[in-house]
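Each chain is listed here by its residues.
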Amino acid sequence: MKTNLEYRAEFLNPDMPEIPYTTLNLGPTHPATHGIFQNVLKMDGERIVSGEQTIGYIHRAFEKIAERRPFYQITPLTDRLNYCSAPINNTGWYLTVEKLLGVKVPKRVDYMRVMVMELARVADHLICNSILGVDTGALTGFTYVYQYREKIYEIYEEICGARLTTNMGRIGGFERDFSPKVFELTRKFLKEFPVVWREFESLLSRNRIFMDRTIDTGAISVERALNYGLTGPNLRACGIDYDIRTAEPYCSYEDFIFDVPVGTTGDTYDRFVVRNEEIWQSLSLIEQALNKIEAEPAGVFHADSDHYYLPPKQEVYKNMEALIYHFKIIMGEIEAPAGEVYHAVEGANGELGFYLISDGGRTPYRLHFRRPCFIYYQAFPEMVRGQMLSDAIVVMSSLNVIAGELDA
Amino acid sequence: MDPLSHDQIESHIRTQLGDVFTIIPDSYGVFTMEVPLQQLYRVVQFLFKDEALGFNFLTDLCGVHYPDDQGRELCVVYHLQNMKRQTRMRIKTFVSSEKPEVPSLTGIYASANWMERETYDFYGIRFLGHPDLRRILNMDEMVEFPMRKEFPLEDPLREDKEDFHFGR
């Protein structure tokens, strides 16, 4: 493997005549960048010589805020990281705290979590891939499949009442059991969505224009991808079958049967195809989860402990123990052991990690979010070097960089 | 392939590099060691290049502030990973807040670039040898390092959220 210096030396040629380059500001607000990103590009005509990203426009100091909040109150912060798939972030945070507290949740809760996480993954990949279509000039496909994100949000709404920033679930389980309507809506989604998604796929995946725009744009080699810390679909598009759901199964993923799709070249087209295939795998996982939930004893939706799981609200009003526990949990008086936990989940765009240092107090001593796109967005200038300006837009879109997660 | 055991990692580093680390016990199953500042680059480079260990992926890098620990106020935590063996490990290095200088790992892992900038931005830890050590998330005009514990999130005179009110 090459070192950085050796790698860069290939691009430095002392004999090259001096060319007057143009500096181009792509962003901070640009209709094609889906969020507040600034890229200062050095251009040679329409080719990109080098790029420099500016980030931090929506930095909200979540790590600092988390140091003053009990574990329960940190969940809404995680919603706002990757807001396209908030339930994955919520669950990742619960799993981290549960690991610290040593909580064992029932199988049914695991399966319920898998169901919402995979729905979130479908929603996230759906947006990413359809927006990639928009950036190559195919708006129709996007408007067609976008209504199915709405259907997923209706399921969220039925589970927890919220749509985008879900704050779904609790430490130890869910706040309430899934209503029959949740299963009804999910079954309906599983029946209707594949038809639509197959149609969308056939619109783009063998489309001459789309293939010309995406094949060989923004490619990255396996070595560079690992060195740059790429994870998730972007790494798998390079050909590494690393998926935390199979490498370190959490939430009973080991009970499920699914494939981990990989690409070969790590270009934009491969990322598109890997995400498409992951949607199919997620749909199969949702179906398996639904069947598993039905096979488990009904009505179990949280781990059985008064110490960290909120008592039902009706009880709080008439029962003294429930009131005490309610007060203690809300005020953050969970008995948390001192220790350090790193827990990672397979987020929709990569490895979402939570590094939690607890000193036994009511709030974390330190909480660090390992945000996947903060780490892999560094590779962007290298991926677009020598390519056209319009390719930069497509590459950025296919990397699935989410501003909320990037800036934390 | 099976994950690397703690003993395997420990004995391998000890035979190859000698006594360059102290084991920190971790109750959650991650091999954790403290490496002195002078040895950090050498140890990480060894972990990266060594065939048997092959920790070629830098998962995470972040700072921690322990204001009461005299002479070792600031800590940098590295999470390394070997994807083939599905093994993670954690390296910690401590540095005083008087002279917070830590060797940069950008020569080994390209991904360290922004993570080190972030750590500098929030903790003021200077990474020696970093190609472009600037603030990344906060504005350039800022002079403080906001994640340090001396900057309270709320009014420091406010007492109603102190631990002693909650039986601790």
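Each remark here, short or long, concerns the structure printed above.
From a predicted model like this one, the values you see are computed outputs, not experimental measurements. Along every chain, residues carry numbers that run from 1 in the direction the sequence is written. As a convention, the first chain written is A and the first ligand written is 1, with the rest following in written order. Per-residue local features are limited, in this predicted model, to residues with pLDDT of at least 70; the limit for side-chain atom pairs, both in listing and counting, is 80 or more; totals at the level of whole chains, interfaces and linings are taken over all residues.

1. Some thoughts on the overall build of chain B
For clarity, the cut-off: By the criteria applied, helices consist of DSSP H or I runs no shorter than four residues and strands consist of E runs no shorter than two, each listed in order from the N terminus. Between the buried cut of 20 or more and the exposed cut of 12 or fewer other C-beta atoms within 10 Å of a residue's own C-beta lies the partly exposed class, and all C-beta atoms are placed from the backbone. Placing C-beta atoms from the backbone, we regard two residues as in contact once those atoms come within 7 Å.
Across its full length, chain B carries three helices and seven strands. Order of helices (α) and strands (β) in chain B, N terminus to C terminus: α-β-β-α-β-β-β-β-α-β. Across its three principal directions, the C-alpha atoms of chain B cover 55 × 45 × 30 Å. Within chain B, buried positions represent 39% of all 168 residues. If you take every contact in chain B between residues at least 6 apart in sequence, the share linking residues at least 24 apart comes to 51%.

2. Notes on the overall build of chain A
The condition that has to hold: Both definitions apply: the radius of gyration is a C-alpha atom measure, and the globule rule equals 2.2 Å times residues to the power 0.38.
Helix and strand content of chain A: 18 helices and six strands. Taken over the C-alpha trace, chain A has a radius of gyration of 22 Å; the compact-globule value for 408 residues is 22 Å, and the two agree within 12%. Here the C-alpha coordinates of chain A stretch approximately 80 × 50 × 35 Å along the principal axes. Among the 408 residues that make up chain A, the fraction classed as buried is 48%. Taking the contacts inside chain A whose residues are at least 6 apart along the sequence as the reference set, 71% of them involve residues at least 24 apart.

3. Considerations on the packing of helix H12 (residues 268-295) of chain A against helix H17 (residues 389-399) of chain A
All names here are of chain A. Heads up, the condition is: Convention adopted: a line fitted to C-alpha atoms gives each axis, helices being fitted over their contacting stretch, and angles between N-to-C directions are expressed from 0 to 180 degrees. Throughout this description, any angle smaller than 35 degrees is read as roughly parallel, any larger than 145 degrees as roughly antiparallel, any in the 65 to 115 degree range as roughly perpendicular, and the remainder as oblique. Take the far helix as the reference: if the near one is turned anticlockwise from it by less than a right angle, the crossing is left-handed, and if turned clockwise, right-handed. Throughout this entry, Asp, Glu, Lys and Arg are counted as charged residues, while Ala, Val, Leu, Ile, Met, Phe, Trp, Tyr, Cys and Pro are counted as nonpolar. The remaining residues, Gly among them, count as polar.
Close contact between H12 and H17 brings their axes to 10 Å; oriented N to C, the two are set at 30°. One way to sum up the angle between H12 and H17 is to call them roughly parallel. Considering the relative orientation of H12 and H17, their crossing is left-handed. Side by side, H12 and H17 meet where Thr268, Arg271 and Phe272 of the first sit next to Val394, Val395 and Ser398 of the second. Each residue belonging to the contact of H12 with H17 can be placed in one class, and the counts come to three nonpolar, two polar and one charged.

4. Observations concerning the interface of chain A and chain B
Listed by partner, the interface residues are 36 residues for chain A and 33 residues for chain B. Among the secondary structure elements, those contributing two or more residues to the side of chain A that touches chain B are helix H2 (62-66), helix H9 (222-227), strand S4 (339-347), strand S5 (350-358), strand S6 (366-370) and helix H15 (372-376) of chain A. When residues in the side of chain A that touches chain B are grouped by element, the largest group, four residues, is from S4(A). Broken down by class, the residue content of the side of chain A that touches chain B amounts to 13 nonpolar, 11 polar and 12 charged.

5. Details of the nonpolar core
Residue and element names in this part refer to chain A. Going by this rule: To define a nonpolar core, we join buried Ala, Val, Leu, Ile, Met, Phe, Trp, Tyr and Cys residues through C-beta atoms within 7 Å and take the resulting set.
Within the largest apolar cluster, 151 residues are counted, with the highest numbers of intra-cluster contacts made by Met115 and Leu119. Element by element, the count of residues in this core is highest for helix H5 (residues 107-135), at 15 residues. Setting aside residues up to four positions removed in sequence, Leu119 forms contacts with Ile152, Ile155 and Ile286.

6. Quick word on the sheet that holds strand S1 (residues 22-26) of chain A
For sheets, the rule is that strands pair by backbone hydrogen bonds, running either parallel or antiparallel. Residue and element names in this part refer to chain A. Rule in force here: Whether two strands pair comes down to DSSP finding at least two bridges between them.
Spatial strand order, S1-S2-S3: three strands in an open sheet with antiparallel pairing. Strands at the two margins of the open sheet, each flanked by one partner only, are S1 and strand S3 (47-54). Adjacent strand axes in the sheet meet at a mean angle of 25° when their direction is disregarded. Inspection of the sheet shows S1 paired to strand S2 (residues 38-44) by five bridges, in the antiparallel sense. Its bridge partner being in S2, Leu24 is matched across the sheet by Leu41.

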